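Per-entry structural report
Chain by chain, the residues run as shown.
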2 protein chains.
Amino acid sequence: MDGIASLITIDRFSPVPLYFQVATTLEDLIESGQLPAGSRLDTEVTLADRLGLSRPTMRQAIQTLVDKGLVVRKRGVGTQVVHSAVRRKVELTSLDDDLRRANREPRTQVLAFSVAPAPEPIRAALHLEPGTEVFTIERLRFADDEPLALMHNHLPRAVAPGLTAAQLGERGLYQVLREHGVQLRIADQTIGARRATTAEARLLGEGRGAPLLTMQRTAYDHAGRAVEFGSHVYRADRYSFEVSLVAR
Amino acid sequence: MDGIASLITIDRFSPVPLYFQVATTLEDLIESGQLPAGSRLDTEVTLADRLGLSRPTMRQAIQTLVDKGLVVRKRGVGTQVVHSAVRRKVELTSLDDDLRRANREPRTQVLAFSVAPAPEPIRAALHLEPGTEVFTIERLRFADDEPLALMHNHLPRAVAPGLTAAQLGERGLYQVLREHGVQLRIADQTIGARRATTAEARLLGEGRGAPLLTMQRTAYDHAGRAVEFGSHVYRADRYSFEVSLVAR
DNA sequence: CAGTGGTCTAGACCACCTT
DNA sequence: AGGTGGTCTAGACCACTGA
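Here the structure is a predicted model, which is why all the values come from computation and not from measurement.

1. A look at the side chain of R217 of chain B
- Looking at the element boundaries, R217 of chain B is found in strand β7 (residues 211–221).
- Buried charge R217 of chain B goes without a salt bridge, the closest partner of opposite sign being E228 of chain B at 4.4 Å.

2. Structural notes on the sheet that holds β7 of chain B
- Spatial ordering of the open sheet is given by β9(A)-β6(B)-β7(B)-β8(B)-β5(B)-β4(B)-β3(B), a layout of seven strands whose pairing is antiparallel. If you trace the sheet from one side to the other, it starts and ends with β9 (241–246) of chain A together with β3 (106–117) of chain B, each paired once. The sheet shows a mean angle of 15° between the axes of neighbouring strands, taken without regard to direction.
- Pairing of strand β4 (residues 133–143) of chain B with strand β5 (residues 146–156) of chain B, which is carried by 10 bridges, proceeds in the antiparallel orientation. Paired with R139 of chain B across the bridge in β5 of chain B is M151 of chain B.

3. Side note on the relation of the copies chain A and chain B
- The operation relating chain A to chain B is a screw motion whose rotation component is 180°, with 0.0 Å of axial translation and a residual RMSD of 0.1 Å. On this basis, the relationship between the two copies can be described by a two-fold rotation axis. Residues of chain A ranked by C-alpha distance from the rotation axis are headed by P211 of chain A, positioned 2.6 Å from it.
- The overlap is high: 100% of the interface residues of chain A also sit at the interface in chain B, so the same surface is used on both sides.

4. Observations regarding helix α2 (residues 44–51) of chain A
Residue and element names in this part refer to chain A.
- Within the span of α2, buried status applies to E44, L47, A48 and L51. Buried residues of α2, viewed axially, fall in a sector of 100°; they line one side. Facing away from the buried surface of α2 by more than 90 degrees, the exposed residues are V45 and D49.
- Summarising the contacts, the buried residues of α2 are in contact with α1 (18–31), α3 (55–67) and β1 (71–74).
- Of the residues flanking the end of α2, it is G52, one or two places downstream, whose phi is positive at about 75°.

5. Structural notes on the protein's contact with DNA strand C
- Around DNA strand C sit 24 residues, and of these L18 and T57 of chain A together with T43, R55 and G76 of chain B come closest.
- Separating a phosphate oxygen of DNA strand C from a side-chain N or O atom of R12 of chain A is a distance of 3.0 Å.
- In this structure, a base oxygen belonging to DNA strand C sits 3.0 Å away from a main-chain N or O atom of G76 of chain B.
- Listing elements by their share of the surface near DNA strand C, those giving two or more residues are α1 and α3 of chain A together with α3 (55–67), β1 (71–74) and β2 (78–81) of chain B.
- Of the residues forming the surface near DNA strand C, the biggest block, three residues, is contributed by α3 of chain A.
- Its residues assigned to classes, the surface near DNA strand C shows seven nonpolar, eight polar and nine charged.

6. Brief notes about the interface of chain A and chain B
- The partner chain B presents 47 residues to the 47 residues of chain A that form the contact.
- Both sides together, the interface formed by chain A and chain B hides about 4,200 Å², and carbon and sulfur atoms give 57% of it.
- Here chain A and chain B share zero salt bridges between them.
- Inspection of the region where chain A meets chain B yields four residue pairs in polar contact (both at pLDDT 80 or more).
- Of the residues assigned to the side of chain A that touches chain B, the class counts are 24 nonpolar, 11 polar and 12 charged.

7. Thoughts on the domain arrangement of chain A
- Looking at chain A, the domain boundaries give domain 1 (5–85) and domain 2 (95–235).
- Once you take the C-alpha centre of each, domain 1 of chain A and domain 2 of chain A turn out to be 38 Å apart.

8. Things to note about the protein's contact with DNA strand D
- The environment of DNA strand D is made up of 24 residues, and the closest members are R55 and R59 of chain A together with L18, S54 and T57 of chain B.
- One of the side-chain nitrogen or oxygen atoms of R55 of chain A is found 2.8 Å away from a base nitrogen of DNA strand D.
- The side chain of R73 of chain A places a nitrogen or oxygen atom 3.0 Å from a phosphate oxygen of DNA strand D.
- Residue assignment for the surface near DNA strand D shows that the elements contributing at least two residues are α3, β1 and β2 (78–81) of chain A together with α1 (18–31) and α3 of chain B.
- Top contributing element to the surface near DNA strand D by residue count: α3 of chain B, with three residues.
- When grouped by side-chain class, the residues that make up the surface near DNA strand D number seven nonpolar, eight polar and nine charged.

Conventions we followed
Residues numbered from 1 in each chain as written. Chains lettered and ligands numbered in written order. Predicted model: local features only at pLDDT ≥ 70, side-chain atom pairs only at ≥ 80, totals over all residues. Heavy atoms only, no water. Helix = DSSP H or I, 4+ residues; strand = E, 2+ residues; numbered from the N terminus. Buried < 20%, exposed > 50% of the residue type's maximum accessible area, 1.4 Å probe, protein only. Lys, Arg positive; Asp, Glu negative; His and termini not counted. Salt bridge = Lys/Arg side-chain N within 4 Å of Asp/Glu carboxyl O. Pairing = 2+ DSSP bridges. Axes fitted to C-alpha atoms, helices over the stretch in contact; angles between N-to-C directions. Least-squares fit on C-alpha atoms with pLDDT ≥ 70 in both. Contact = heavy atoms within 4.5 Å. Arc of directions from axis to C-beta. Near = heavy atom within 4 Å. Polar contact = N/O pair within 3.5 Å; in protein donor to acceptor, adjacent residues only side chain to side chain. Nonpolar A, V, L, I, M, F, W, Y, C, P; charged D, E, K, R; others polar. Buried area = accessible area lost by both parts, 1.4 Å probe. Domains from an automatic or database assignment.

Here it is as structure tokens:
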């Protein structure tokens, strides 16, 4: 019995860091059930030895799984795979990502698309210098041909200089940003609720005063630069937010 | 000029890990503005040298700040403090914590408190064996004497065997759990909205059909054990959720 | 080219848990 | 008492950035 080490192969000539190769392999083994919930991993020293790695490298691999909440370490005891239901991903998701993952057909109607110096509240939300030009985008989003959300976005022109309305008709904003090389890292969101205005109700196909879910979000990239500010309303009867929080 | 190293003292005889001493000190320096947004930290090697630490230990200290989104590392460049507005804490907060932090006076009316074998949906949400006994708690929460939220909670009796209704009248559930030695680590939340029922509107002092924010949460401790399931409604005109997400 | 962070090694001692 | 993860050291080489 050599534990799980035989299921892990590492490539010393790959540009992928060793700890990352091990971490992703272990993640797959957990995800596929070959490392069932509650099972114990071999010790760090044993695994490092069997894989021909140093213990710090092995530790770094396991640490990434701890950070994701996949396993739990206990001093004097060992490392255990946590209960399966606890495994949720903490992700920076977009509506478009959510819909595609749920196999619902997203569609977008771009209601407005313009470039202008940032109005004061937007300038402040994005921490920009006065006069900085921003895109202003208004979109109506559909899922399976039902209206779902009305979205207002603002982003500095410099973030995605070549952005066009046509791109946004095809794909979600976050995917377009990824194609422009923008990597989001942090998002601050405020989620609330209120009654729909008459105009909102008409666009979303809801009755007057229907409850709407609201979300304001400011997103930042890896360098801490504010990339996007959005103010959105969602039909409460067709959408809800799922959030996973991991304490540090 | 010896940078910031002179502002950091470490205690080799403290039981607090060295990397943690350094990390918290740096965090304080950033929070207090002595390390302003955009400023560069000394290099890892320099800091380690000045503080008499090895580089891996110094790296570990800085890494905790990176995980919190306080600083950004760039290979070949250095480590920079990110823009101040990006600094938000990702926390597992309770309503009680939120209110106390905002200096609003929380008050609780316990409407129901009982112990019984878990009903099926609760049993499933908490991943319990059939027949496991759970507390069922219903509370009306006030802030500054205005009704704010109606909260239903369920938790396994074994999690906090000595729990009483009186404790919940004084403090928030999460604080009571902390006093019982329960450390929460992960929470999965679903946030939505709907119209208030007649009973909810009456309890919350709202009009009929007023929009409410809804939240269902399952919380897990460090061992991955499901500790609590809650189903809550909040007055949308007086409450909203703030969530910060950090991509990994 | 020099300097930075990213990765990796081969040890060591300790605190904590189980037996 | 023996085994576990938690911390720490003193090096090494590499990839990337900027001047």
